[in-house]
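# Coordinate inspection notes
Spelled out from the first residue to the last, the chains are:
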Amino acid sequence: MFYYPSVLQRHGKFATIWLAATKAAKIMKREYLKVNVIRTCEDIIQYILVQVEPPHPGAPRPRFSLYLSAQLEYGVVRVYHKQCLYLIEDVQHTLERLNRMDQQLKIDLVELEQPGLLLQDALNLMDTFLDAPSPFFGVMGVEELPGPLEIPQMTNR
């Protein structure tokens, strides 16, 4: 036999690699990320070179056929490619969030730089109304203007 079924079972040593190579089932992101690509390649090489210990005493050493080892290496390439895509996706997502935060900070700073959007203080408000016409302009018959503390009273005679 050129492979042991226990190695390729759903929870076996090369299960995710085998599923990725044959596209037999949909693999979840966490399963892709659990695979250690370097260690898996070393394990495949050990099986090819017949350096793996036998599962039972007196049994022959397990080995893979050339076809199976090629399929597993193809699966490793697919898993590594998928891990790289996930990494790129995470980096892009992080950069977008940082860019969004940077834009929000710029928006806040730009608003502070525009004096027209801020509330005017009392001094600017006085300067604005200094050149305004008098509220008593055009009123006839008032010889003396009332003081600011005197409120004109209307009386019925």
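Refer to the preceding data block for the structure.
A brief structural summary. (Residues numbered from 1 in each chain as written. Predicted model: local features only at pLDDT ≥ 70, side-chain atom pairs only at ≥ 80, totals over all residues. Heavy atoms only, no water.)

### Some thoughts on the nonpolar core
- Membership of the largest hydrophobic core comes to 18 residues, with the highest contact counts inside it found for Phe-14, Ile-17, Tyr-32, Phe-64, Leu-72 and Val-79.
- Looking at this core, the elements with two or more residues in it are α2 (15-22), α4 (37-48) and α5 (66-113).
- In terms of residues, this core owes the most to one element, α5, which gives five residues.
- Setting aside chain neighbours within four positions, we find Val-79 in contact with Thr-16, Ile-17, Ala-20, Tyr-32 and Val-35. (Core = buried A, V, L, I, M, F, W, Y, C linked by side-chain atoms within 4.5 Å. Buried < 20%, exposed > 50% of the residue type's maximum accessible area, 1.4 Å probe, protein only. Helix = DSSP H or I, 4+ residues; strand = E, 2+ residues; numbered from the N terminus. Contact = heavy atoms within 4.5 Å.)

### Some words on the layout of surface pockets
- Put simply, the largest pocket is a space of about 300 Å³.
- What lines the largest pocket is a set of 16 residues, and nearest its centre among them are Arg-10, Gly-12, Ala-15, Thr-16 and Lys-34.
- Elements with a minimum of two residues in the lining of the largest pocket: α2, α3 (29-34) and α4.
- The leading source of residues in the lining of the largest pocket is α2, at four residues.
- Within the lining of the largest pocket, the residues separate by chemical class into five nonpolar, five polar and six charged. (1 Å grid on protein atoms, 1.4 Å probe; cavity = no way out; pocket = protein on both sides within 12 Å on 5 of 7 lines; lining within 4 Å. Points joined across faces, edges and corners; volume = space filled by probe spheres on them. Nonpolar A, V, L, I, M, F, W, Y, C, P; charged D, E, K, R; others polar.)

### Regarding the pattern of salt bridges
- Scanning the model with the defined rule gives five salt bridges in all.
- Two residues, Arg-39 and Asp-43, come together in a salt bridge whose shortest N-O distance is 3.2 Å. With a gap of four residues between them, Arg-39 and Asp-43 both fall in helix α4, about one helical turn apart.
- Residue Arg-39 is classed as partly exposed on the basis of its relative accessible area of 40%.
- Three or more residues are tied together by salt bridges with common partners; here these are Lys-13, Arg-39, Glu-42 and Asp-43. (Salt bridge = Lys/Arg side-chain N within 4 Å of Asp/Glu carboxyl O.)

### As for α4
- Over its twelve residues, α4 runs 17 Å from end to end, which matches the ideal 16 Å to within 8%, given 1.5 Å per residue.
- Those residues of α4 not exposed but buried are Val-37, Thr-40, Asp-43, Ile-44 and Tyr-47. Within α4, the buried residues cover an arc of 125° as seen down the axis, which keeps them to one side.
- At the exit of α4 stands Val-50, carrying a positive phi of roughly 55°. (Expected span 1.5 Å × (residues − 1). Arc of directions from axis to C-beta.)

### Considerations on the environment of Thr-40
- Positionally, Thr-40 belongs in helix α4.
- Accessibility expressed as a relative area gives 10% for Thr-40, which makes it buried.
- Separated by 26 residues in sequence, Thr-40 and Phe-14 place their C-alpha atoms 7.7 Å apart.
- Setting aside anything within four residues of it in sequence, one finds Thr-40 in contact with Phe-14, Ile-17, Val-35 and Val-76.

The values are spatial; any link to function lies outside them.
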